[in-house]
Amino acid sequence: MPVVEARAVTKVFRDFWRRPKVRAVDGLSFEVRRGEVFGLLGPNGSGKSTTLKMILGLLHPTRGQLAVLGRSPRDVRAKARVGYLPEESYLYPYLTPDETLDFYGRLFDLDARERKQRTAQLLEMLGLQHARRRTVGEFSKGMARRIGLAQALINDPDLVVLDEPTSGLDPLGCRQVKDLILTLAQRGKTVLVSSHQLADVEDVCDRVAILYNGRIQAMGSIPSLLEDTHQCRVTFPDLPAEQMQRLVAALRAALGTEPGIEHPRRDLEQFFLDVVEQARRAGGESSGAAPAQGVAAYLQPEAPAEAALQTLLPQIAPEPEPSSAAPAADAAALRAADEKLKQLLKPDKPS
Amino acid sequence: MRSVWAIALISLRNAIRSRVVVLLLAILVLGVIGIPLTVKSDGTLAGYVQILVRYTLGFTMGVLMLATVWAGCAAVASEIQRRQIHLLITKPVSAAQLWLGKWLGLVILNTVVLAVCALVTYGLLRWNTRAEILTPADRQLLAAEIIVARARLAPQPFAAEQRAQQRYAALQTRNELPTNMAPAAIFKALLNAVQIEANTIQPGGRLTWRFDLPPGVSATPTFQLRCKVASALLGPMSMTGRWVVGRERGGAACEVVADHPAHGQFSVSVPGRALAGEGAVRVEYHNINETPVTLLFDVESGLRLLVPVGGWVPNYLRALLISVCLLALIAALGITAGSLFSMPVAAFATFQTLVIFNTAGMVHSLATREASFAAALPGVVQPPGWLDEAMSWFYRGLELLIMPMQNDDPLAMVATGEWISWGDVSWTFAKQVVLASGVLMLLAVAALRRRELALPTD
Ligand SMILES: Nc1ncnc2c1ncn2[C@@H]1O[C@H](COP(=O)(O)OP(=O)(O)O)[C@@H](O)[C@H]1O
Ligand SMILES: [Mg+2]
């Protein structure tokens, strides 16, 4: 049984007089299978959010059928196993992160001990421990987004629906969300994610559907969509000029055309992350702090070498907290954080 | 239940953070402090207690009602507007739990605020009527007639309708019915005559009433008869009457001879021992005035027996409970309106509904207009016009709808020392909280389940 099944789903928005206004989704059919990461890819206004809202029962399809975990999207039994991150922050601005997560935990009928434990672990995982006594209303967009992510995971959901999870996050945050999605998938969760950022989708999705104008334009696994079977790339270490010339000559002779040769480039994201990692390591050693919480480096929103980064990319990270020192990110800390994450998201929770 | 409480807590915090509600609560604090200081009473002790209990707490109720309408409407409507509802109803929370949580939050808020105001009021009352500053006479008055809870008992009814029907039948058999009057009008006139006769005392004559006592009547040195009379004497004249009061079985009747005004209302104090014994309480009035005067007791409320039932504080508590029921109903009304409409419309709809509720008296008279007289007549079949019939049904339906809002002002009752029974409390609870709020909740649940909550409302 697919986790999400949409058959010929159409959504027409009507105006006050019930006249059709916008056909936001038009005859959408797809299914999301258990344990896969499914991406809805499309430009702004292509109907991604509308589709997700219908899957969550926030909107009702005008035509067609939708089933979530084998039930109607409006069935509370289905909702109990779903986590949702909306495209914007709809949190109560006057609650602290602790109170926010506690509140949503109560809605899932979690007991007090469980709520406390999960809240602490989620905040630690998302690097918001230092801000747990501030109200969500004062948070930057990226920080609020992290709280949104945390509340989506508080019930250890089987299906996680993320509407543009990386919007508003800095590159570290993006990477972290993507890693989180991969971890969730490894733990057998199903993830449905929408995005207009192609890199995000490419990195994490098993399958994608490309939406345009409310219709699916292409759907399939990333390799099947992107593989160019008419070309081939060979990678080898850089050679001295004279050797290279011989190689090219041989290739030219074999192919009958001029082969394209260039140095492979790292992508900017990887480069960025490497720079940050180096800066953080340097800073961590000099400060000499040895934090005991063992949180992975990339989970920490504040990096000491931020000034250097600002020249590279627009800065949308949460404000750095002056109090905390940068933790050393050794392999053990990383493993500990991963362990915590696994514990938190362990598939068989007592119900 | 856990999620209901969680939502209740959030709705409470939301209400407290609403500027309108905070403003109203500030006005409330000013009022509770200001009203007893600024409003002049008539100088009597009873007048002071009236002002304190009735106007201060009445003002509190008024402010709480306004705040509740606003907070109730905003509870769901603004959550939809700010889209916080997206995160609520994607959780395993049913529409009923959502509604209940919001409602519970407001009921708790109202209860707490009302309790605080009631406590302050009670403290002021006790402090300003403390023994040291009262004259002995005032002290006694306070204990006997003001800080009391007295049941106001109506006498056993007598079969006025039946007697009027008998007379009508007699006239009919003798063929003496006036031909220029509608049967309903004739009957009404006969009923009037029967009732006036039954409440009239000729010079030297007497009149008897019987009262059933409720359970829980407390022992008392004196109790009161409250009378409303009219007579042929004009001006501020006074006349003398003799009262004989006693139980039907196993007690000794007490006799009281007292002067009383010949017009209007007055009270007569009777020794408490007249209540010893069993059976109904018999009250006789003997018209022993020196100059012969015919006395008429008011047909509707000529004689009431005031007997103490329990203390004033429990009565005060019951009045507050009834007030909480009303606030709970208004909260329900607001939340349901907020589930159906977006914000300014919801508040408008709620106020409109409250206005209609306040016309209940008019609706009642429209619903029961004349029709019953015609129906009671033997041998008279009056085919009413279908429009009349339809209107009558419409008003009866409307009356049924607004019936839950109908009750006497409980604060006025405690302020005048009138007893409120637990039966009144349960009845109010049943109709306002269980029935009316329940129906409103079902309405909201139906609406919330049909509505697409992610649609923008503005
Ligand atoms: N409540 C609404 N009323 C009318 N039109 C809407 C509403 N919500 C979305 N739309 C329209 O539906 C289309 C798809 O919107 P959406 O699903 O939010 O796109 P995406 O999430 O892919 O950016 C857009 O043209 C948008 O204007
Ligand atoms: Mg969107």
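Reading guide: rules and limits
Residues numbered from 1 in each chain as written. Chains lettered and ligands numbered in written order. Predicted model: local features only at pLDDT ≥ 70, side-chain atom pairs only at ≥ 80, totals over all residues. Heavy atoms only, no water. Donors = N, O, S within 2.8 Å, 3.2 Å for Na, K, Ca; no water. Helix = DSSP H or I, 4+ residues; strand = E, 2+ residues; numbered from the N terminus. Buried < 20%, exposed > 50% of the residue type's maximum accessible area, 1.4 Å probe, protein only. Contact = heavy atoms within 4.5 Å. Buried area = accessible area lost by both parts, 1.4 Å probe. Salt bridge = Lys/Arg side-chain N within 4 Å of Asp/Glu carboxyl O. Polar contact = N/O pair within 3.5 Å; in protein donor to acceptor, adjacent residues only side chain to side chain. 1 Å grid on protein atoms, 1.4 Å probe; cavity = no way out; pocket = protein on both sides within 12 Å on 5 of 7 lines; lining within 4 Å. Points joined across faces, edges and corners; volume = space filled by probe spheres on them. Nonpolar A, V, L, I, M, F, W, Y, C, P; charged D, E, K, R; others polar. Patch = residues over 30% accessible without salt bridge, like charges linked within 9 Å, V, L, I, M, F, W, Y side chains within 5 Å. Areas by Shrake-Rupley, 256 points an atom, 1.4 Å probe, with all protein chains shown as cover. Pairing = 2+ DSSP bridges. Axes fitted to C-alpha atoms, helices over the stretch in contact; angles between N-to-C directions. Core = buried A, V, L, I, M, F, W, Y, C linked by side-chain atoms within 4.5 Å. Domains from an automatic or database assignment. Near = heavy atom within 4 Å. Sits in = over half its atoms within 2 Å of the grid points. pLDDT = per-residue confidence, 0-100.

Details of the coordination of the magnesium ion (ligand 2)
Perfect tetrahedral coordination of a metal by four donors corresponds to 109.5 degrees between them, and perfect octahedral coordination by six donors corresponds to 90 or 180 degrees. Residues and elements named next belong to chain A. Protein-derived ligands of the magnesium ion (ligand 2) are Ser-49 (OG) and Glu-87 (OE), with the metal-ligand distances lying across 2.0 to 2.5 Å. Taken as a pair, Ser-49 in helix H1 (residues 48-55) and Glu-87 in the loop between strand S5 (82-85) and helix H3 (97-107) lie far apart in primary sequence, 38 residues in all. By relative accessible area, Ser-49 is classed as buried at 13%. Of the residues examined, Glu-87 reaches a relative accessible area of 25% and is grouped as partly exposed.

A look at the interface of chain A and chain B
Tallying the contact residues gives 30 residues for chain A and 28 residues for chain B. Taken together, both faces of the contact between chain A and chain B bury some 2,800 Å²; the carbon and sulfur share is 64%. Among the residues of chain A in contact with chain B, Tyr-90, Tyr-94 and Leu-107 of chain A are the three that bury the most area, contributing 27% of the side total. Inspection of the chain A/chain B interface yields three salt bridges. For Lys-11 of chain A, the salt bridge is made with Glu-452 of chain B, and the minimal N-O distance between the two is 2.4 Å. At the surface where chain A touches chain B, the tally comes to 13 residue pairs in polar contact (both at pLDDT 80 or more). Sorting the residues of the side of chain A that touches chain B by element identifies strand S1 (4-14), helix H2 (76-79) and H3 of chain A as the ones contributing at least two each.

Quick notes on the layout of surface pockets
Rolled over the atoms, a probe sized like a water molecule indicates the empty space that remains. Counted as a void, the largest pocket has a volume near 1,300 Å³. For the lining of the largest pocket, the secondary-structure elements that each account for two or more residues are S1, strand S2 (20-32) and H1 of chain A together with helix H9 (312-340) and helix H15 (422-450) of chain B. Across the lining of the largest pocket, the residue classes tally to 16 nonpolar, eleven polar and 14 charged. Considered as a void within the structure, the second largest pocket measures approximately 960 Å³ in volume. Along the walls of the second largest pocket sit 22 residues, with Arg-233, Val-234, Gly-260, Ile-261 and Glu-262 of chain A positioned nearest its centre. In the lining of the second largest pocket, the residues fall into eleven nonpolar, six polar and five charged.

Thoughts on a nonpolar patch on the surface
Residue and element names in this part refer to chain A. A cluster of nonpolar side chains, Val-234, Phe-236, Leu-247, Leu-251 and Leu-255, forms an exposed patch at the surface whose accessible area comes to about 440 Å². Locating Leu-247 in the fold gives a position in helix H9 (residues 241-255). Owing to a relative accessible area of 32%, Leu-247 belongs among the partly exposed residues under this scheme.

Comments concerning the sheet that holds strand S3 (residues 37-41) of chain A
Residue and element names in this part refer to chain A. What the six strands build is an open sheet, ordered S5-S6-S7-S3-S8-S9; its pairing is mixed. Sheet topology places S5 and strand S9 (215-221) at the edges, where each strand pairs with a single neighbour. Direction aside, neighbouring strands of the sheet carry axes that sit 15° apart on average. When S3 meets strand S8 (residues 207-212), the two strands line up parallel, connected through four bridges. What sits directly across from Phe-38, in S8, is Arg-207. Running over the sheet, H1 touches S3, S5, strand S6 (159-163), strand S7 (190-195) and S8 and is turned about 150° from S7. Seen against the sheet, helix H5 (residues 141-153) touches S5 and S6 and runs at an angle of roughly 170° to S5.

Notes on the nonpolar core
Nonpolar side chains tend toward joint burial in soluble globular proteins. In terms of nonpolar packing, the biggest core is built from 162 residues, with Phe-103 and Leu-192 of chain A together with Trp-103 of chain B touching the most fellow members. The contacts of Phe-103 of chain A, once residues within four sequence positions are left out, are Tyr-92 of chain A together with Ala-6, Ile-7, Ile-10 and Leu-88 of chain B. The next biggest cluster of nonpolar side chains, apart from the first, holds 33 residues, and it includes Leu-225, Val-256, Leu-305 and Val-309 of chain B.

What about the domain arrangement of chain B?
The assigned domain composition of chain B is domain 1 (2-148 + 326-450) and domain 2 (160-310). When each unit is reduced to the centre of its C-alpha atoms, the spacing between domain 1 of chain B and domain 2 of chain B is 36 Å.

Structural notes on the site of ligand 1
Neighbouring residues of ligand 1: 14 residues in total, closest Gly-45, Gly-47, Lys-48, Ser-49 and Thr-50 of chain A. More than one chain lines the surroundings of ligand 1; the residues nearby belong to chains A and B. Within the contact set of ligand 1, an oxygen atom lies 3.0 Å away from a backbone nitrogen or oxygen of Gly-47 of chain A. Here Lys-48 of chain A contributes a backbone N or O atom positioned 2.8 Å from an oxygen atom of ligand 1. When atom positions are compared with the pocket grids, ligand 1 is found to occupy the largest pocket. The set of elements that each furnish at least two residues to the shell around ligand 1 consists of S2 and H1 of chain A. Per-class residue counts for the shell around ligand 1 are six nonpolar, six polar and two charged.

What about the confidence of the model for chain A?
Residue and element names in this part refer to chain A. This prediction gives chain A a mean pLDDT of 79; 79% of its residues lie at or above 70. With pLDDT under 50 throughout, residues 284-330 is counted as low confidence; its partners more than four residues away or in other chains account for 76 contacts. Throughout residues 347-351 the model reports pLDDT below 50, and contacts reaching past four residues in sequence, or to other chains, amount to six contacts.

Quick notes on the pattern of salt bridges
Residue and element names in this part refer to chain A. This structure, assessed with the given rule, holds 36 salt bridges over all chains. Here Arg-19 and Asp-15 are joined by a salt bridge, their closest N and O atoms 3.0 Å apart. Counted as one network, the salt bridges with shared partners bring together Arg-81, Asp-156, Asp-158 and Lys-189.

Observations concerning unusual backbone geometry
Residue and element names in this part refer to chain A. Although it is not a glycine, Ala-8 sits at a positive phi angle of roughly 50°. Here Ala-8 lies in strand S1. The backbone of Arg-18 sits at a positive phi, close to 65°, despite the residue not being glycine. Its location among the elements puts Arg-18 in the loop between S1 and S2. By relative accessible area, which is 59% here, Arg-18 ends up exposed.

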